[in-house]
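One-letter residues, chain by chain:
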Amino acid sequence: MKKVIVRFIILLFICPLSIKGQEHISRNFICGYYGGGNSYDSMQYNFGFVDRRDTGLYFSKKIKSNYDIDFSQTSTYSDSSGKPILVWQGCALLDAGTMQPIFNGDFSDTKGVNHPVWKFCLKEKWGNGEDVVREYRGTQGAFFLDRGDPHSILLVYYRCLSINITDSVHLYTATIDLSGGPGGTPAVVEKSYKPVLDHNLVPLALNAVRHANGKDWWILAPELRSNRWYSILYDGELHDPVLSKIEGWFNHSEGTISVSPDGQKIGYVCTGLKDFIILNFDRCTGDLSPYKEGSFPLLSPGNMGVTSGVFAPGGRFFYLASKFDIFQFDLESDVFDDDWIPIATFDTAQVTEYPFFYKGYFSTIFSGNDGHLYVWSFYSLRYIHRIAFPDRLGPSVGWKQDYYRMEVHPSHFVPTLIDYNMGPLPGSPCITKTKSSQNKEFILYPNPTSDIIRTESMVNYHDNVSLKIFNNIGKEVYSGTLRDLVKGIVVRSWRSGIYLIKVDNQQVAKFIKVD
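Keep in mind that this is a model prediction, so the values were computed, not measured.

Definitions and limits used
Residues numbered from 1 in each chain as written. Predicted model: local features only at pLDDT ≥ 70, side-chain atom pairs only at ≥ 80, totals over all residues. Heavy atoms only, no water. Helix = DSSP H or I, 4+ residues; strand = E, 2+ residues; numbered from the N terminus. Buried < 20%, exposed > 50% of the residue type's maximum accessible area, 1.4 Å probe, protein only. Contact = heavy atoms within 4.5 Å. Areas by Shrake-Rupley, 256 points an atom, 1.4 Å probe, with all protein chains shown as cover. Core = buried A, V, L, I, M, F, W, Y, C linked by side-chain atoms within 4.5 Å. Pairing = 2+ DSSP bridges. Axes fitted to C-alpha atoms, helices over the stretch in contact; angles between N-to-C directions. Patch = residues over 30% accessible without salt bridge, like charges linked within 9 Å, V, L, I, M, F, W, Y side chains within 5 Å. Salt bridge = Lys/Arg side-chain N within 4 Å of Asp/Glu carboxyl O. Phe/Tyr/Trp six-rings, centres within 6.5 Å; stacked < 30°, edge-to-face > 60°.

Trainee: Help me out: how do you make sense of the overall build of the chain in this one?
Mentor: A count of helical and extended segments in the chain gives four helices and 36 strands. Taking all 515 residues of the chain together, 55% fall into the buried category. Sequence separation of at least 24 residues holds for 55% of the intrachain contacts in the chain that already meet a minimum separation of 6. For the chain, the computed accessible surface area is about 21500 Å², with 52% contributed by carbon and sulfur atoms.

What follows is the structure in structure tokens.
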């Protein structure tokens, strides 16, 4: 009996529990130590997986890695039981079991993508003679997207092309086949050597939201020092971005994005400042629009501004973590900006294990899979704090400082945590129907035409789905999106004849061009 009990406890601690009905959920992330103390011991033997289960947070045993993760933790990709498979380190895509690069998984020199002065990826030799690869601030804001195809997992990440991280941050992707390497191991099958989105983006502020159909994804990226936001549809292919301009708003040098449980609200906070904004998000079209703006008071001396924000599981409240304080904002309040409630103040007297001479303070606030909110700390404090009842109004939310104590000294930030469980949007007009019903309802006009061909906005498709037009000998003569056809495509210079339209690679209609 003793042996059985011991084995069960070890498996519970090391192996994440499965949650039925969820496929390839990346609920884990890996944490480790940044600097200080005995560098070799603290860095190489001070990593562990954090598993966000429906019963709370669970932590693996310490693991060894020669790949440092620097300022921020990093996302993992997990199988359907929650077991980590892949770890994105910033310089390499690692096998979560061996903590070594997978096949074609070295990103340290991607054809000049990494500026040599910035040293995103730096190889060092430690006192024991082992080589260590250090990554500089490139993991936060990265994540994996899964559409149910194990041969096409998309890694979304950013690279800095200059010395200053706030001057040239660009979006990149890579495609992973989970069985495409030697012996059926994971392999990187495609890397983008040019930016997918060639605009200077806000560092750390990448996120993703399910399309209203519950399968595809919108990648969200705000442009640095501007009011422009980009929504990129990924439906197996990456589409041209949808541009939204938020009038009266300015994206500052760093920020973080959080997503409401239904995916229809986006929270953006300017890191280090006191400003934040809540945006409406259309999961059909990818459009963003202002909802509410706010700021929080600097109650505690030395407060330097917001570090992050998160929505409560019920969606009514928005929480902000600053350096020393946590606040609750009620999204249903008519006086939103002034209707803030202080929830907690960091009590430095409770902390007795400072790895540095610095005093710790609040860092990332994030959602668990158990209905609770958790708060990370700066400066490698081992403690995680908890809000037990985040859907309650006011201070009775069950705040507990130092709720969990980790074996490892964690780094500063929690990575971007995507909601992989978000399903279709009920009642959405753009949830894809069957191909047969699409074909019957697709109407072109005028047909025949001598000048412009167009269609009405299609309720069975999202406007950004791919569109191609072919002539009567099968040659492609036009490539764009369905939105182009809704606006009208000029065909007056085309030769007369019959043309075939394909939407989402499916034939849907024909039209006749006449002189």
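Trainee: Would you mind showing me how to read the nonpolar core here?
Mentor: For soluble globular proteins, nonpolar side chains are generally found buried alongside one another. Judged by nonpolar contacts, the single largest core of 36 residues is most densely connected at Leu93, Phe143, Phe144, Leu145, Leu155 and Ile176. Of all the secondary-structure elements, those providing two or more residues to this core are strand S5 (84-88), strand S10 (143-145), strand S11 (153-160), strand S12 (169-177), strand S15 (217-222) and strand S16 (228-234). Of all the elements, S11 adds the most residues to this core, at six residues. In this structure, Phe317, Ile341, Phe362 and Leu381 belong to the second largest nonpolar core, which totals 21 residues.

Trainee: I would appreciate a short explanation of the sheet that holds S16 in the present structure.
Mentor: Either a parallel or an antiparallel arrangement is found when strands of a sheet pair, and the pairing is made through backbone hydrogen bonds. On the basis of which strands lie adjacent, the open sheet formed by four strands has the order S14-S15-S16-S17 and antiparallel pairing. On the outer flanks of this sheet lie strand S14 (207-210) and strand S17 (242-245), each paired with one strand and no other. This sheet shows a mean twist of 25 degrees between the axes of neighbouring strands, independent of strand direction. Note that S16 and S17 share four bridges and pair antiparallel. When the bridges of S17 are listed, Arg228 appears paired with Lys245.

Trainee: What exactly am I supposed to notice about a nonpolar patch on the surface here?
Mentor: On the surface, Ile498, Ile512 and Val514 cluster together to form a nonpolar patch covering roughly 220 Å² of accessible area. Residue position: Ile498 is located in strand S35 (residues 497-503).

Trainee: Looking at this structure, I do not really get the pattern of salt bridges. What am I missing?
Mentor: Side chains carrying opposite charge are able to pair once their charged atoms draw close together. Overall, the coordinates contain eight salt bridges when judged by the stated rule. Between Lys513 and Asp515 there is a salt bridge; the shortest N-O distance is 3.6 Å. For Lys513, a relative accessible area of 2% translates into the label buried. Note on Asp515: relative accessible area 79%, which makes it exposed. If you follow the salt bridges from partner to partner, you end up with Arg316, Asp330 and Glu332 in one network.

Trainee: Is there a simple way to think about the sheet that holds strand S19 (residues 265-270) in this case?
Mentor: Here four strands make up an open sheet; going across it, the order is S18-S19-S20-S21 and the pairing antiparallel. Of all the strands in the sheet, the pair left with one neighbour each is strand S18 (255-259) and strand S21 (288-295). Along the sheet, successive strands turn relative to each other by an average axial angle of 20 degrees, direction set aside. Pairing between strand S20 (residues 275-281) and S21: seven bridges, direction antiparallel. Counted as the bridge partner of Phe276 is Gly294 from S21.

Trainee: How do you make sense of the packing of aromatic side chains when you look at a structure like this?
Mentor: Scanning the model with the defined rule gives 25 aromatic pairs in all. An angle of 85 degrees between the planes, with centres 6.2 Å apart, marks the rings of Trp249 and Tyr268 as edge-to-face. Placement of the pair is Trp249 in the loop between S17 and S18 and Tyr268 in strand S19, with a sequence separation of 19 residues. Like Tyr268, Trp249 is buried. With centroids separated by 5.7 Å and ring planes inclined at 90 degrees, the aromatic side chains of Phe362 and Trp399 adopt a geometry described as edge-to-face. Residue Phe362 is found in strand S26 (residues 362-367), and its partner Trp399 is found in strand S29 (residues 399-405); the two are separated by 37 residues along the sequence.

Trainee: It is not clear to me how the environment of Cys121 should be interpreted in this structure. Could you clarify?
Mentor: The topology assignment puts Cys121 in strand S8 (residues 121-125). In this structure Cys121 comes out as buried when scored by relative accessible area, which is 19%. Taking the C-alpha atoms as reference, Cys121 lies 6.6 Å from Val133; in sequence the two are 12 residues apart.

Trainee: When you look at the pairing of S19 in this model, what are you seeing that I'm missing?
Mentor: Every regular strand shows the same layout, with side chains that alternate between the two sheet faces. With five of six residues buried, S19 is to be regarded as a mostly interior element. Between S18 and S19, which pair antiparallel one after the other, the connecting turn spans five residues, and Gly263 there sits at a positive phi close to 75 degrees. With five bridges connecting them, S19 and S20 associate as antiparallel partners. Its bridge partner lying in S20, Lys265 is registered against Asn280. Where S19 hands over to S20, the hairpin turn is made up of four residues, of which Gly272 adopts a positive phi near 85 degrees.

Trainee: Before we go on, may I ask you to explain unusual backbone geometry in this structure?
Mentor: Most peptide bonds take the trans configuration, and most residues that are not glycine carry a negative phi. Going from Tyr445 to Pro446, the amide bond is cis rather than trans, its omega being -15 degrees. Tracing the backbone shows Pro446 in the loop between strand S30 (444-445) and strand S31 (452-455). Geometrically, the link from Asn447 to Pro448 is a cis peptide bond, its omega value of 10 degrees lying close to zero. Residue placement: Pro448 occurs in the loop between S30 and S31. Located in the positive-phi region is Met99, a residue other than glycine, with phi close to 60 degrees. Residue placement: Met99 occurs in the loop between strand S6 (92-95) and strand S7 (101-106). Of note in the backbone geometry, Asp402 takes a positive phi value of approximately 60 degrees without being a glycine. With respect to the helices and strands, the residue Asp402 is situated in strand S29. By relative accessible area, which is 15% here, Asp402 ends up buried.

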